[in-house]
Amino acid sequence: MSYQLVTELTILVLAAFVGFEVISKVPTLLHTPLMSGTNAIHGIVIVGAIIVMGTPHPGLFMRLVSFVAVILATANVVGGFVVTDRMLEMFRKRDEPRKEAQ
Amino acid sequence: MSTTTANLLYLITIAAFILALRFLSSPRHARLGVQIGAAGMLWAVVVTLALNKVVTGWWWMAAGVLIGSVIGVVGARKVKMTAMPQMVALFNGVGGGAAALISLVEFHGVWAHAGDVGVERGIATVFSALVGSISFAGSMIAFGKLQELVSGRPITYPGQQVGNALLFVAAIALAVVAMGSIEFWLLAAAIGAAALFGVVFVLPIGGADMPVVISLLNAFTGLAAAATGFVLHSNVLIVSGMLVGASGTLLTTLMARAMNRSLANVLFGAFGKIVAAPGAAAAGGDGASVRSTTADDVAVMLAFARRVVFVPGYGLAVAQAQHDVRNLAELLEEKGVDVRYAIHPVAGRMPGHMNVLLAEANVPYDELYEMDTINPEFPQTDVVVVVGANDVVNPAARNQPGSPIYGMPILDVDKSQNVVVIKRSMSPGFAGIDNPLFYDPKTVMLFDDAKAAMEKLIAAVKSV
């Protein structure tokens, strides 16, 4: 097993603990925005999509596959963040001024 | 290769994502958190573009980002809040699909150069390809079920579980052989088989259980992204993917617990297929009858109550009556009534969905009470108004061991002084179970559409 893999596994395990710790503090009130927010975060695969799109590939087919990956990942990131922001914008306290939705 | 520099710069993104989740602990900072997260994402994209020698395909990349952004923005802006679960499923699916395609392209590079993939990278490639593909296809079916493009009822046939298991094993076998022989098309076939498995895996699960499935697939996509991180040696993918994996796992467990069912039962139980109602015979059999009432009577009850608790369910959202409920609540507050909202953890179609729907209708979030907070308050509550909710207030969950929902935590509305149930007819709820609450002597039924009922109640309360 390579040193790099061990380091990466360490990061993975620590991230799991951080994840459980941080997420368990999110109130049920915000579970839907949490779900769509984490959805946006896994859009980080856009980094991978950019990397594979940027490396030269023999043939058009692989370029098309990378192209689709870029589209999907971007839709994931942009859509995820926009919709989460849109939801959170609506939450207000009793005494805060009302933002009419309609 | 600038992997080290990239990983160093990605630390900013990692910190931003963790902060984003941290800020979600309170509705006050939540929005700021999401904006920090989005900034972190933008930073990661900029770093990737700057450091990776993008040899070819600039125009492809620009076009892909443009198309993806348009899809994302239009989808996110147009979607109705009631359709949020579908939207989450859709965005989740495309992320999983992207992860699967990335490992396919990476593997193609190895194949084209007649290289060797190695055991470690091979495992990561197989994982992200298969799990990403399952997540993509499964999410699309979940989307279809919630959007009612596919039947929401569980679709079952003989030998289903065995067939699914065989398909799953076949997908893994294909992928493993692909890694061993460095054969590109075998991995492509494995991804196809995994997608097929994703479809048949979600089909037998009922529409009511889709939120659990979406949450589980959310965790899957996160783990697929983390595996992609192992393939590309990118720490930001590993951390972000795992954060999502943890979140999805936690939410899936919470939801299954709120429905008092095991995850295995949700996934393989085909819940909601057989609409046998053991409660129906019991409740109807003792000669118990239902008391029907009018909006005017209810208005008097409400106007002279000290405390009124609304229990909104998905039926309320379907009827688009959230704004009317808020108007009625404000009217009652002007009359000095203490108004609260009791939100069951699985009210709506995903956890926290009802909170979003009420926030959209401008209900302040400090009037929304979670189940554990509001349950001890019901005995001191004069009137509970149940609008479009059914199973989450079904006392059979507490006292009928034979009931399919027995043991599920519910809102104890039957402990309050009076219960008003607004419902179109006596038909059973999403889970197909009869509700003894309707036959309770304290309960009156107002048979009407939720929106129409609210409008009548508003008019009636005004004239009290």
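These numbers come from a predicted model, not from an experiment.

How each quantity is defined
- Residues numbered from 1 in each chain as written.
- Chains lettered and ligands numbered in written order.
- Predicted model: local features only at pLDDT ≥ 70, side-chain atom pairs only at ≥ 80, totals over all residues.
- Buried ≥ 20, exposed ≤ 12 C-beta atoms within 10 Å, placed from the backbone.
- Helix = DSSP H or I, 4+ residues; strand = E, 2+ residues; numbered from the N terminus.
- Pairing = 2+ DSSP bridges.
- Axes fitted to C-alpha atoms, helices over the stretch in contact; angles between N-to-C directions.
- Contact = placed C-beta atoms within 7 Å.
- Core = buried A, V, L, I, M, F, W, Y, C linked by C-beta atoms within 7 Å.
- pLDDT = per-residue confidence, 0-100.
- Domains from an automatic or database assignment.
- Nonpolar A, V, L, I, M, F, W, Y, C, P; charged D, E, K, R; others polar.
- Parallel < 35°, antiparallel > 145°, perpendicular 65-115°, else oblique.
- Left-handed = near helix turned anticlockwise from the far one by under 90°.

Q: Mind showing me how you'd approach helix α15 (residues 353–360) of chain B here?
A: Since the α-helix turns once every 3.6 residues, residues separated by three or four places project in the same direction. Residue and element names in this part refer to chain B. Counting buried residues in α15 gives eight out of eight residues, a clear majority hidden from the surface. Regarding α15, the residues found buried are His353, Met354, Asn355, Val356, Leu357, Leu358, Ala359 and Glu360. Just beyond α15, the residue with positive phi is Asn362, at close to 70°.

Q: Whenever I open this one, the sheet that holds strand β5 (residues 418–423) of chain B confuses me. Can you help?
A: All names here are of chain B. Strand order in this open sheet of six strands is β3-β2-β1-β4-β5-β6, and the pairing throughout is parallel. The sheet is open, and its two borders are formed by β3 (368–370) and β6 (443–447), each paired with just one other strand. Here the strands of the sheet are splayed against their neighbours by 25° on average, with no regard to which way each runs. As paired strands, β5 and β6 are joined by five bridges and run parallel to one another. Counterpart to Ile422 in the pairing with β6 is Leu446. The sheet strands contacting helix α14 (residues 322–334) are β1 (307–312), β2 (338–343) and β4 (383–387), and the helix crosses β1 at an angle near 175°.

Q: Help me understand the environment of Phe220 of chain B, please; the structure alone is not making it clear to me.
A: Residues and elements named next belong to chain B. For Phe220, the location among the structural elements is in helix α8 (residues 210–232). Spatially, the C-alpha atoms of Phe220 and Gln380 are 44 Å apart, while their sequence positions differ by 160 residues. Among residues more than four places away in sequence, those in contact with Phe220 are Gly96, Val131, Ile134 and Ser135.

Q: It is not clear to me how the nonpolar core should be interpreted in this structure. Could you clarify?
A: One recurring pattern in soluble globular proteins is that nonpolar side chains are buried together. The biggest cluster of nonpolar side chains holds 201 residues, and the ones touching the most others in it are Val45 and Ala49 of chain A together with Ala190, Val311, Val386 and Val387 of chain B. If one sorts the elements of this core by residue count, α8 of chain B sits on top with 16 residues. Those residues in contact with Val387 of chain B, other than ones at most four positions away along the chain, are Phe310, Val311, Pro312, Gly313, Gly315, Leu316, Ala321, Val325, Ile422 and Ala450 of chain B.

Q: How should I be thinking about the confidence of the model for chain B in this particular structure?
A: Residues shown with low pLDDT carry predicted positions that ought not to be read at fine detail. All names here are of chain B. Looking at chain B, the pLDDT average stands at 88 and 94% of residues meet or exceed 70. Note that pLDDT drops below 50 for residues 274–286; the model gives that stretch 19 contacts with residues more than four away or on any other chain. The ipTM assigned to the predicted complex is 0.93, against a pTM of 0.88.

Q: What should I look at first to understand the domain arrangement of chain B in this one?
A: All names here are of chain B. Looking at the assigned domains, one finds that chain B contains domain 1 (1–78), domain 2 (86–274) and domain 3 (278–462). Placing the centre of domain 1 and that of domain 2 at their C-alpha centroids yields a distance of 23 Å. Counting residues at the interface gives nine residues for domain 1 and seven residues for domain 2. The element that contributes the greatest number of residues to the side of domain 1 that touches domain 2 is helix α1 (residues 3–23), accounting for seven residues. Taken together, the residues of the side of domain 1 that touches domain 2 sort by class into five nonpolar, four polar and no charged.

Q: In this structure, what is going on with the interface of chain B and chain A? I would like to understand it.
A: It is common to report an interface's size as the accessible area lost on association of the parts. Each side of the interface is counted separately: chain B has 99 residues, and chain A has 82 residues. Residue assignment for the side of chain B that touches chain A shows that the elements contributing at least two residues are α1, α2 (30–51), α3 (58–78), α4 (84–112), α8, α9 (235–258), α15 and β3 of chain B. At 18 residues, the largest contribution of residues to the side of chain B that touches chain A is made by α4 of chain B. For the side of chain B that touches chain A, the residue count by class is 57 nonpolar, 33 polar and nine charged.

Q: How do you make sense of the packing of helix α3 (residues 45–54) of chain A against α3 of chain B when you look at a structure like this?
A: In helix packing, the relevant descriptors are the interaxial angle and the interaxial distance, both defined with respect to the helix axes. At a minimum axis distance of 9 Å, the contact between α3 of chain A and α3 of chain B shows a crossing angle of 150°. It follows from the interaxial angle that α3 of chain A and α3 of chain B lie roughly antiparallel. The element α3 of chain A and its partner α3 of chain B pack so that their crossing is right-handed. Contacts between α3 of chain A and α3 of chain B involve Ile50, Met53 and Gly54 of chain A on the former and, on the latter, Trp60, Met61 and Gly64 of chain B. The residue makeup of the contact of α3 of chain A with α3 of chain B, split by class, is four nonpolar, two polar and no charged.

Q: What am I meant to see in the pairing of β1 of chain B here?
A: The side chains of a regular strand alternate between both faces of the sheet. All names here are of chain B. The buried fraction of β1 is high, at five of six residues. Pairing between β1 and β2: four bridges, direction parallel. From the neighbouring strand, Phe310 faces β2, where its bridge partner is Tyr341. Sheet analysis places β1 next to β4, joined by five bridges and oriented parallel. Within β4, the residue paired with Val309 across the bridge is Val384.

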